[in-house]
Amino acid sequence: MKNFVFLFFALLAQLTIHSQEHDHGMGVHSHYGQTDTILDHKLLFPSRTPDRIITNLSVDPSSSFGVNWRTNQEISKGLVEIAKATDGPEFLLGDIKTITANTQIFENQNRREPLVKANFHSALVTGLEPETVYIYRVGSGDQENGYWSEWFQFSTASAKGDRPFSFIYFGDAQNNVKSLWSRVIRNSYKQYPNVDFMLHAGDLINDRDANMEWGEWFYAGGFIHATVPSIMTPGNHEYRDGELSSLWRPQFTLPENGPTEALKETCYAVEYENMKLISIDAEGFDEHEEARLSQVKWLDSVLKNNKKKWTAITMHYPIFSTAKGRDNKELREALKPLIDKYGVDLVLQGHDHTYARGYEKNEGQGLTVVKDAGTVYAVSVSGPKMYESQDQGWMVRRGEFTQLFQIISVSQDTITYGAYTPMGSLYDAFDLIKKDGKKTLINKVPDSNIRLRKDFVKEK
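Residues numbered from 1 in each chain as written. Predicted model: local features only at pLDDT ≥ 70, side-chain atom pairs only at ≥ 80, totals over all residues. Heavy atoms only, no water.

> Explanation requested: the overall build of the protein in the structure shown.
For the protein, the count of helices and strands is nine helices and 27 strands. In terms of its C-alpha atoms, the protein occupies a principal-axis envelope of roughly 100 × 65 × 45 Å. Relative to its 460 residues, the protein shows a buried fraction of 54%. In the protein, 69% of the contacts between residues at least 6 apart in sequence involve partners at least 24 apart. In the form shown here, the protein has an accessible surface area of approximately 21400 Å², with 50% of it arising from carbon and sulfur atoms. For the protein, the distance from the average site of its 51 positive side-chain charges to the average site of its 60 negative ones is 4 Å. (Helix = DSSP H or I, 4+ residues; strand = E, 2+ residues; numbered from the N terminus. Buried < 20%, exposed > 50% of the residue type's maximum accessible area, 1.4 Å probe, protein only. Contact = heavy atoms within 4.5 Å. Areas by Shrake-Rupley, 256 points an atom, 1.4 Å probe, with all protein chains shown as cover. Lys, Arg positive; Asp, Glu negative; His and termini not counted. Charge placed at Lys NZ, Arg CZ, Asp CG, Glu CD.)

Structure representation (structure tokens):
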């Protein structure tokens, strides 16, 4: 009994000392050391467990997809495990395919951040069956589940190219991504959970190599990035002094079928069902003569040889600027003749931090049904940074001081477009119908007031 009492009090004394060592007044000492002084250090620094997991569309989304993730540099090998999804966990008992990822040792230090060391892992998963639901996870091969991601589920496109599909188009996220853009992407997914992919029209973040900002972008999308494939075109904020963000290619696996080595994964084309979807690197176009000339020549060839019924182009700079004092004349003079010549259906853009949608022949008429409307142009913004716009004849609907996402549904003969606020309110809509080579635009603008900055921000 005496031994028991002695051991009890000895243990109590040890616990008291341990508590005193870690308690400082009313606070508790952190085990994270110096990183505890860094705001949101978990968004900044990697660990052995995968983070920033994202899937991207490949050139052939019916049989392949790209996936990327990040770990710390202790993890020198990355693996993807993939199987056909099942109603229960029985897929674990079947044929699970393992793919070894490419691993890139990476470090960078942004101007206002500490040094971040990471390994980025990327894989192009091929040989998949069309119109099939797959389940996958990424990790290091360790037997401990803690060093693997959770299992994610997604579907491949059809091989016939005739299945209806939908995607969400976002303008600039750019600023306050964690606090204010997060609800846009999350509510877009909540409203349209069966969407096939997401398109980002540049300026995903504000400072090209800011690890904290990229951490916020991945945090805001969370598991959505890993289950709904994305494609993105770079904006001017993914560049600085003519140089693309060093994080762009390590973080994404985008098609490499552009015109030059320098434009791989920024200028490219994807065929999704019956649509040819093209990314133009507008900032590369603006900064480098070679990128400008090669993209014009390449776009001409891609459009000339296009066999798909629908064609959409995404780029950051608008053909028709909406913000006051802006005009991308050189871009317009180079690309618009090709857009007109080959009858491009949609051009989806960002940069101007306002909303506008219309077509060149509108001329302020505001018609409901338009025969041979030509190309429909859209400029949108999903983040909180807002500019003022200038009313122009080509615009059917415009808006300011409004965060938006656009859901675009594509069927055999019709594109249905709706621009929504994070509240789920419809702000703009149209149908584009194409039969026998002729297009009819049906405007479905809701009966609501145009949102303008002056109605919310009062000048002093």
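> Looking at this structure, I do not really get the pairing of strand β5 (residues 79–84). What am I missing?
Each regular strand shows side chains that alternate between the opposite faces of the sheet. The element β5 is extensively covered by neighbouring structure, given that five of its six residues are classed as buried. Sheet topology places β5 next to strand β6 (residues 97–100); four bridges connect them, and they run antiparallel. Paired with Glu81 across the two strands is Thr98, which belongs to β6. Judged from the six bridges that link them, β5 and strand β9 (residues 133–139) form a sheet pairing that is antiparallel. Across the sheet, Leu79 pairs through a bridge with Gly139, a residue of β9. (Pairing = 2+ DSSP bridges.)

> What am I meant to see in the packing of helix α8 (residues 289–304) against helix α9 (residues 329–341) here?
Between two packed helices, the angle of one axis relative to the other and the distance separating the axes together describe the packing. The geometry of α8 relative to α9 is characterised by a closest axis approach of 10 Å and an angle of 10 degrees between their N-to-C directions. Taken together, α8 and α9 sit at an angle that is classed as roughly parallel. In this structure, α8 uses Arg292, Val296, Leu299, Asp300 and Leu303 to contact α9, whose residues at the interface are Glu330, Ala334, Leu335, Leu338 and Lys341. Residue classes in the contact of α8 with α9 are distributed as six nonpolar, no polar and four charged. (Axes fitted to C-alpha atoms, helices over the stretch in contact; angles between N-to-C directions. Parallel < 35°, antiparallel > 145°, perpendicular 65-115°, else oblique. Nonpolar A, V, L, I, M, F, W, Y, C, P; charged D, E, K, R; others polar.)

> What should I look at first to understand the packing of aromatic side chains in this one?
We describe a pair of aromatic rings using the distance from one ring centre to the other and the angle between the two ring planes. This model, assessed by the stated rule, comprises 28 aromatic pairs. With a centroid separation of 6.1 Å and an interplanar angle of 75 degrees, the aromatic rings of Trp217 and Phe252 are classed as edge-to-face. Remark: Phe252 occurs in the loop between α6 (248–251) and β16 (268–272) and Trp217 occurs in helix α4 (residues 211–221); sequence separation between them is 35 residues. Considered together, Trp217 and Phe252 belong to a single accessibility category, that of buried residues. Within the aromatic cluster, the residues linked to one another by ring pairs are Phe170, Trp181, Trp214, Trp217, Phe218, Trp248 and Phe252. In this structure, Arg137 is placed above the aromatic ring of Trp148, and the distance from its NZ or CZ to the ring centre is 4.0 Å. The positively charged end of Arg292 is found above the aromatic ring belonging to Phe285, 5.9 Å away from the centroid. (Phe/Tyr/Trp six-rings, centres within 6.5 Å; stacked < 30°, edge-to-face > 60°. Lys NZ or Arg CZ within 6 Å of the ring centre and 35° of its normal.)

> Any chance you could explain the sheet that holds β9 here in plain terms?
In a beta sheet, neighbouring strands are held together by backbone hydrogen bonds and run either parallel or antiparallel to one another. Spatially, four strands are ordered β6-β5-β9-β10 in an open sheet, and the strand pairing comes out antiparallel. The outermost strands of the open sheet, each flanked by one partner alone, are β6 and β10 (152–155). Strand-to-strand twist of the sheet, defined as the mean angle between neighbouring strand axes without regard to direction, takes the value 30 degrees.

> Can you help me understand a negative patch on the surface in this one?
A cluster of acidic side chains, namely Asp241, Glu243, Asp286 and Glu287, defines a negative patch on the protein surface. Within the secondary structure, Glu243 is located in strand β15 (residues 243–244). (Patch = residues over 30% accessible without salt bridge, like charges linked within 9 Å, V, L, I, M, F, W, Y side chains within 5 Å. Salt bridge = Lys/Arg side-chain N within 4 Å of Asp/Glu carboxyl O.)

> I'm lost on the sheet that holds strand β17 (residues 275–279) in this one. Help?
Strand order across the open sheet formed by seven strands is β16-β17-β18-β19-β22-β20-β23, with mixed pairing between neighbours. In this open sheet, the two strands that pair with only one neighbour each are β16 and β23 (395–399). Geometrically, the sheet is characterised by an average inter-axis angle of 15 degrees between neighbouring strands, direction not taken into account. Relative to strand β19 (residues 346–349), strand β18 (residues 310–314) runs parallel, the two being bridged by three bridges. Residue pairing across strands places Ile313 opposite Val347, the latter belonging to β19. Against the sheet, α8 engages β16, β17 and β18, with an angle of about 175 degrees to β17.

Just geometry here; none of it tells us what the structure is for.
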